[in-house]
Amino acid sequence: MPIHHILRILLVDGVDVPGADAMVDQTGRMRKFTMQGKITLEEHFALEGTFANTSRFSVPGMAEDLQARLTDFENIRLKEMDEFDIELAIQSLNAPGVQAVLETPEAIDLAQRSNDYLAEQCARRPDRFAGFAALPMQDPEAAVEELTRCIRDLGFKGALVNGFTQKDTPETVIYFDGPEYRPFWAAVEALNVPFYLHPRNPLPSRSQYFEGHPWFTNSAWAFAMETAMHALRLMGSGLFDDFPKLQIILGHLGERIPFDLWRLDHRLKKSPQGIPAKEPMRYYMQNNVHLTTSGNFHDPTLNLSITEMGLERIMFSVDYPFETTEDAAVWFDNCELSSADKVTIGRTNAQKMFGLD
Ligand code: GRE
Ligand code: ZN
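Everything in this summary refers to the structure shown in the same document. Remember, predicted model here, so these are calculated numbers, not experimental data.

**Some points on the site of ligand 1**
(1) Moving on: As a structural note, the neighbourhood of ligand 1 is formed by Glu 42, His 44, Thr 54, Phe 57, His 198, Ser 219, Phe 223, His 252, Asp 319 and Phe 322.
(2) Moving on: Between His 44 and ligand 1, the recorded distance is 3.3 Å, taken from a side-chain N or O atom to an oxygen atom.
(3) Moving on: One of the side-chain N or O atoms of Asp 319 is found 2.8 Å from an oxygen atom in ligand 1.
(4) Moving on: Relative to its unbound accessible area of 280 Å², ligand 1 is 95% covered by the protein chains.
(5) Moving on: Tallied by class, residues from the shell around ligand 1 come to 3 nonpolar, 5 polar and 2 charged.

**Here we look at the side chain of Ser 92**
(1) Moving on: Its place among the elements puts Ser 92 in strand β7 (residues 86-93).
(2) Moving on: Residue classification places Ser 92 among the buried positions, given a relative accessible area of 1%.
(3) Moving on: Here His 44 takes part through its side chain, which lies 3.1 Å from a polar atom of the side chain of Ser 92.

**With respect to a nonpolar patch on the surface**
(1) Moving on: A cluster of nonpolar side chains, namely Trp 215, Phe 216 and Trp 221, defines an oily patch on the protein surface of about 380 Å² accessible area.
(2) Moving on: With respect to the helices, strands and loops of the structure, Phe 216 is situated in the loop between β12 (195-197) and α7 (222-236).

**Considerations on the pattern of salt bridges**
(1) Moving on: The full count for this structure, using the stated rule, is 14 salt bridges.
(2) Moving on: Linking Asp 82 and Arg 128 is a salt bridge whose minimum nitrogen-to-oxygen distance equals 2.8 Å. Residue Asp 82 is located in helix α3 (residues 76-83), and its partner Arg 128 is located in the loop between α4 (104-124) and β8 (129-133); the two are separated by 46 residues in the primary sequence.
(3) Moving on: Glu 87 serves as the salt-bridge partner of Arg 347, at 2.8 Å between the closest nitrogen and oxygen. Within this pair, whereas Arg 347 is found in helix α13 (residues 339-354), its partner Glu 87 is found in strand β7, the two being separated by 260 residues in sequence.
(4) Moving on: Given the relative accessible area of 5%, Arg 347 is considered buried.
(5) Moving on: A single network of salt bridges, built from pairs that share partners, joins Asp 65, Arg 69 and Glu 80.

**Examining the coordination of the zinc ion (ligand 2)**
(1) Moving on: Protein-derived coordination of the zinc ion (ligand 2) comes from Glu 42 (OE), His 44 (NE2), His 198 (NE2) and Asp 319 (OD), at a distance range of 2.0 to 2.3 Å.
(2) Moving on: Taken together, the 6 donor atoms coordinating the zinc ion (ligand 2) and their angles of 50 to 175 degrees define a geometry best described as irregular.
(3) Moving on: For the zinc ion (ligand 2), all donor residues lie on one chain, and their spacing in sequence is E-x1-H-x153-H-x120-D. In this pair, Glu 42 sits in strand β6 (residues 38-45) while Asp 319 sits in the loop between β15 (314-315) and α12 (325-333), placing the two residues 277 residues apart along the sequence.
(4) Moving on: Residue classification places Glu 42 among the buried residues on the basis of a relative accessible area of 0%.
(5) Moving on: Judged by its relative accessible area of 7%, Asp 319 falls in the buried class.

**Description of the packing of aromatic side chains**
(1) Moving on: Throughout the structure, instances matching the rule amount to 19 aromatic pairs.
(2) Moving on: With centroids separated by 5.6 Å and ring planes inclined at 50 degrees, the aromatic side chains of Phe 45 and Phe 73 adopt a geometry described as tilted. Here Phe 73 lies in the loop between α2 (63-71) and α3 and Phe 45 lies in strand β6, a separation of 28 residues in the sequence. The residues Phe 45 and Phe 73 share a single accessibility class, namely buried.
(3) Moving on: Relative to Phe 195, the ring of Trp 185 has its centre 4.6 Å away and its plane inclined at 65 degrees; by these criteria the two rings are edge-to-face. Taken as a pair, Trp 185 in helix α6 (residues 182-191) and Phe 195 in strand β12 lie far apart in primary sequence, 10 residues in all.

**Some words on the sheet that holds β8**
(1) Moving on: As summarised here, the arrangement of the 8 strands in space is β6-β7-β8-β9-β12-β13-β14-β15, forming an open sheet in which the pairing is parallel. Each edge of the sheet is formed by a strand with only one pairing partner; in this case those strands are β6 and β15.
(2) Moving on: By the bridge criterion, 3 bridges tie strand β13 (residues 248-250) to strand β14 (residues 289-292) in an arrangement that is parallel. Directly across from Ile 249, in β14, lies its bridge partner His 290.

**Some remarks on unusual backbone geometry**
(1) Moving on: That bond from Ala 95 to Pro 96 is cis: its omega, -5 degrees, falls within 30 degrees of zero.
(2) Moving on: Along the chain, Pro 96 falls in the loop between β7 and α4.
(3) Moving on: Geometrically, the link from Tyr 320 to Pro 321 is a cis peptide bond, its omega value of -5 degrees lying close to zero.
(4) Moving on: Tracing the backbone through its elements, the reader meets Pro 321 in the loop between β15 and α12.

**Examining the pairing of β7**
(1) Moving on: Among the 8 residues in β7, 7 count as buried, and that is most of the element.
(2) Moving on: Sheet topology places β6 next to β7; 6 bridges connect them, and they run parallel. When the sheet's bridge partners are listed, Thr 40 is paired in β7 with Ala 89.
(3) Moving on: Examined bridge by bridge, β7 and β8 share 3 bridges and lie parallel to one another. Residue pairing for β8: Gln 91 is matched across the bridge by Gly 131.

**A short note on helix α11 (residues 299-309)**
(1) Moving on: Along α11, the positions that sit buried rather than exposed are Asp 299, Leu 302, Ser 305, Ile 306, Glu 308 and Met 309.
(2) Moving on: Where α11 is buried, its residues contact α9 (257-270), α10 (281-288), β14, β15, α12 and α13.
(3) Moving on: Following α11 by one or two positions, Gly 310 adopts a phi angle in the positive range, close to 95 degrees.

Calculation rules
Residues numbered from 1 in each chain as written. Chains lettered and ligands numbered in written order. Predicted model: local features only at pLDDT ≥ 70, side-chain atom pairs only at ≥ 80, totals over all residues. Heavy atoms only, no water. Near = heavy atom within 4 Å. Polar contact = N/O pair within 3.5 Å; in protein donor to acceptor, adjacent residues only side chain to side chain. Areas by Shrake-Rupley, 256 points an atom, 1.4 Å probe, with all protein chains shown as cover. Nonpolar A, V, L, I, M, F, W, Y, C, P; charged D, E, K, R; others polar. Helix = DSSP H or I, 4+ residues; strand = E, 2+ residues; numbered from the N terminus. Buried < 20%, exposed > 50% of the residue type's maximum accessible area, 1.4 Å probe, protein only. Patch = residues over 30% accessible without salt bridge, like charges linked within 9 Å, V, L, I, M, F, W, Y side chains within 5 Å. Salt bridge = Lys/Arg side-chain N within 4 Å of Asp/Glu carboxyl O. Donors = N, O, S within 2.8 Å, 3.2 Å for Na, K, Ca; no water. Tetrahedral: all angles 85-135°; square planar, octahedral: opposite > 155°, others 65-115°. Phe/Tyr/Trp six-rings, centres within 6.5 Å; stacked < 30°, edge-to-face > 60°. Pairing = 2+ DSSP bridges. Contact = heavy atoms within 4.5 Å.

The values reported here are purely geometric and, on their own, carry no functional implication.
See below:
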């Protein structure tokens, strides 16, 4: 689609704002432009059996609404995509999903069922929905097998995994920098698909610093802290020295890593303490990591992310239904970026990454 078709001045039932180059839409929000053909990639659905994972994240009194949005594809989800000009949304199972299942055979079964269900939904609207695989990371070999099936047979675009995996006992926490996952990463690199490292909460037994301050758990702070640390473990372990073509995606504009990237490398250089990684963290962020705007709709944070990562490594996303499509799209359509940069972040970076026409 040529750029002049993607960017158009919004023509809705709005009223002119005197002296302002803007319109007010039906919801009373200022909308200057709308970018057509946006692509998003941190968008979640739930199976009947996985909604309970996230019901406690709903706004009080809104659990039913959240459930309706998580379990729906063609009604609310697609209508909102239409309303806010999202052409294609890559979908994934709600967190913590397969990673919280203790029994490995059950984890394998849930991943397969979730991926088969998602493939059916994508097949109904292949022009609008695509899939990320849920993976049973409890068993790295089974994870490779399921990812391979999802890419080769189901046409999925990559994997989305919700942080560390539990296994056998509730207190087991397994990160993916360990040697037992190196064959898994080799397979991801060979399949040439990205791995989205999505947040989950740290276990309560490892969350002493939140004692008495529960409001900072979940998505306000704990998600990013947990996910940033997992990403640092991957980078620090030398994973990307072993697999230089491997690409991972972080949501929420990088789970705070871009903001502290200079200091991180500054301190690691003075005190490396035997870190296995051959390069500074900046190198991996700029060669092996991509960010999305999911749930982080703020111009200064986006500008900093672009400065630190490069425009080519940032992609627009919503984090539906934990964020509203309206908040994400109205912000993005009217953010400070040039029109050309909006098309890069809102569409062409994702097209290139996923080989879309
Ligand atoms: C997410 O998937 O990103 C998420 C949740 C729960 C609350 C907020 C949120 O799973 O962003
Ligand atoms: Zn999310």
